[in-house]
Each structure stands twice: as C-alpha cells, then as structure tokens.
Protein chains: 2
Amino acid sequence: MAYGNALACLADPTRRRIFERLRSGPAPVGIVARGLPVSRPAVSQHLKVLKEAGLVNDRPEGTRRVYYIDPDGLGELRAWLDQFWTAALESFKQEIEAEAPNRARRKP
Amino acid sequence: MAYGNALACLADPTRRRIFERLRSGPAPVGIVARGLPVSRPAVSQHLKVLKEAGLVNDRPEGTRRVYYIDPDGLGELRAWLDQFWTAALESFKQEIEAEAPNRARRKP
DNA sequence: ACTTACGGTAAGCCATGGCTTACGGAAATG
DNA sequence: CATTTCCGTAAGCCATGGCTTACCGTAAGT
C-alpha cells in the first residue's frame, strides 16, 4: 500500500511543484527552494516526506544534498492506476449500456 | 490542472476505499457505506468530492443514486503520470551515472 | 394520502499537517 | 582553527478537512 503514501505526497500542491521541478533534472535543496513561495526548511520537510514515499532520493555533494526523482514510487503508483484503468473502462461501458436503452428497461 | 483535484481526492484513504469499491461495479450510496467504518453522510460527502474531480458519476435509480467510475478524471491522472514517467527514468539514469564513477569525478 | 426507504445538506467538533522562525551540525575555504 | 555555506530538525501557530448528528426533500409501496 505504498501508493497511498505516494498519493498523499503528490496531493500537496507545493510538493507537486517540487516534484515537477526535479523532473527537469537533479537539484540541491536551496536551488529548489529558490523559485518557490515557501521557505527553505519547508522544502526540506517536503523532500523528507517525498523520500519516505519512495518518490525521490538524495546524494550528498559537498555541503549540499542533491535530490532526484526515484522511479520506484512512481512505478507503484503507475501500476496501481493501470490496474484501475481497465476495470474503470469496463464499469463505464456497462454504465453507458445501462443508461442509453434505459427507457425500455425500467417501465416498458 | 484537474489532476491536482484527482490526486487530492485519492489521497484520502476512505475515498480510496470508496473508489476501489466502485471498481468492482456501480453501486448505490447505502451499499457503499455498508462495509465502510464511516457513516453514510460521510460517504455521500466523499462521493460529491469524487464527482467534482471527475472521478465518478452518478445516475438516479428510483429513490437511490447509483455511482460508477468515470474514466475522464482517471485518464487525466494517467496522462500526467506518463508525462512524468519518461523524464523520471531519464533523470534517474543520469543520477546513476553520476553516482558510480563519482570517485574519479570530484577529486582526481 | 400516509408511511417507509434512501440520500443530500448544514452545523459543529477536532485531529492532521503545512508553514514559519530559531537552532545546531557537517563540510569546504581561507 | 575560524568562517561561511548549506542543510536538517524542533517548537509552535493556524488553516484545512474529515467525521458525526440532525434535518429535509424525494420517490416508491400499501
């Protein structure tokens, strides 16, 4: 149920912006914070949560830590969504079929 | 930015359970509430949010309303994730390459 | 028409969590 | 060794939102 954590992470707008920033390549905390309307500690806390969810990873580089996207968490999320996708289409198809010829089904 | 609403919706555990319940087929509110540890009004409120996010839709059937999964919201979410997927792999690949031969890059 | 079943809405309570400021620690630089 | 830079953590404030109970509208059954 790791996709739950991933979903909870990406639900926050600020965390999404951080995540999208990292999409264009690895970056240290300060650089990420620059360009966001929140303080640097806030970004640090967000990155911690993102890391615990398996969505990012980090690597020390001198006095700074470079963060980058980790495909693991993203993969689980994708798998969960895909598993949903087919069932959703099936259910929706049944629904359409039940809705259109409805006039002849309820009270002939 | 509709995927933001969809993510916020699916971030809630109860809402996920409702959504997963609907995956096995359309169901009225009462049936969904039965089997969940929350009250029926709570389920009603959740379904309202899910509907506003384009994740579910409903159809009146006598005195009850049948809810079913709407592929629209799910599709947007999927598109957003996919757009992320390739970039994530790319970034991660660069990261791996930057990490392994690191000893020879920093201080020769 | 009366009753029953079903579900949406309102008001209110309370926990969760995101943000800030302040502090402390580690690594490069001189 | 001193200084500067960069980052993580702690404490605290406050808004958000999820849940409950209570109420009302609507549709079917008798």
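Whatever comes next refers back to the structure up there.
Note on numbering: residues in each chain are counted from 1, in written sequence order. Chain labels run from A onward and ligand labels from 1 onward, assigned in the order the entries are written. This being a predicted model, a pLDDT of at least 70 is required before a residue's local features are given, and a value of 80 or more before pairs of side-chain atoms are given or counted; all residues contribute to the totals for chains, interfaces and linings. The basis for every side-chain value is the complete set of non-hydrogen atoms in the structure, without hydrogens or water.

Peer 1: Teacher, can you tell me more about the sheet that holds strand 3 (residues 64-69) of chain B here?
Peer 2: The strands making up a sheet associate through hydrogen bonds between their backbones, and the pairing can be parallel or antiparallel. Residue and element names in this part refer to chain B. Pairing is antiparallel in the open sheet, where three strands are placed in the order 1-3-2. Where the open sheet ends on each side, the last strands, each with one partner, are strand 1 (27-28) and strand 2 (56-61). In this description, strands pair whenever DSSP reports at least two bridges between them. Only DSSP runs of H or I reaching four residues or more are called helices, and only runs of E reaching two or more are called strands; each is numbered from the N terminus. Across two bridges, the pairing between strand 1 and strand 3 is antiparallel. Bridging across to strand 3, Ala27 finds its partner in Tyr67. The contact definition used throughout considers only heavy atoms, calling two residues in contact when any of these lie within 4.5 Å. Only the stretch in contact is used when a helix axis is fitted, and all axes are lines through C-alpha atoms; the angle between N-to-C directions ranges over 0 to 180 degrees. Relative to the sheet, helix 2 (residues 13-23) contacts strand 1, strand 2 and strand 3, its axis offset from that of strand 3 by approximately 90 degrees.

Peer 1: I'm lost on the sheet that holds strand 1 (residues 27-28) of chain A in this one. Help?
Peer 2: Residues and elements named next belong to chain A. With respect to topology, three strands assemble into an open sheet ordered 1-3-2, the strand pairing being antiparallel. Across the chains shown, the open sheet's two edge strands, defined by having one partner strand only, are strand 1 and strand 2 (56-61). Contacts from helix 2 (residues 13-23) reach strand 1, strand 2 and strand 3 (64-69) within the one sheet, and its direction differs from that of strand 3 by about 90 degrees. Together, strand 2 and strand 3 form the strand contacts of helix 4 (residues 40-52), whose direction differs from that of strand 2 by roughly 120 degrees.

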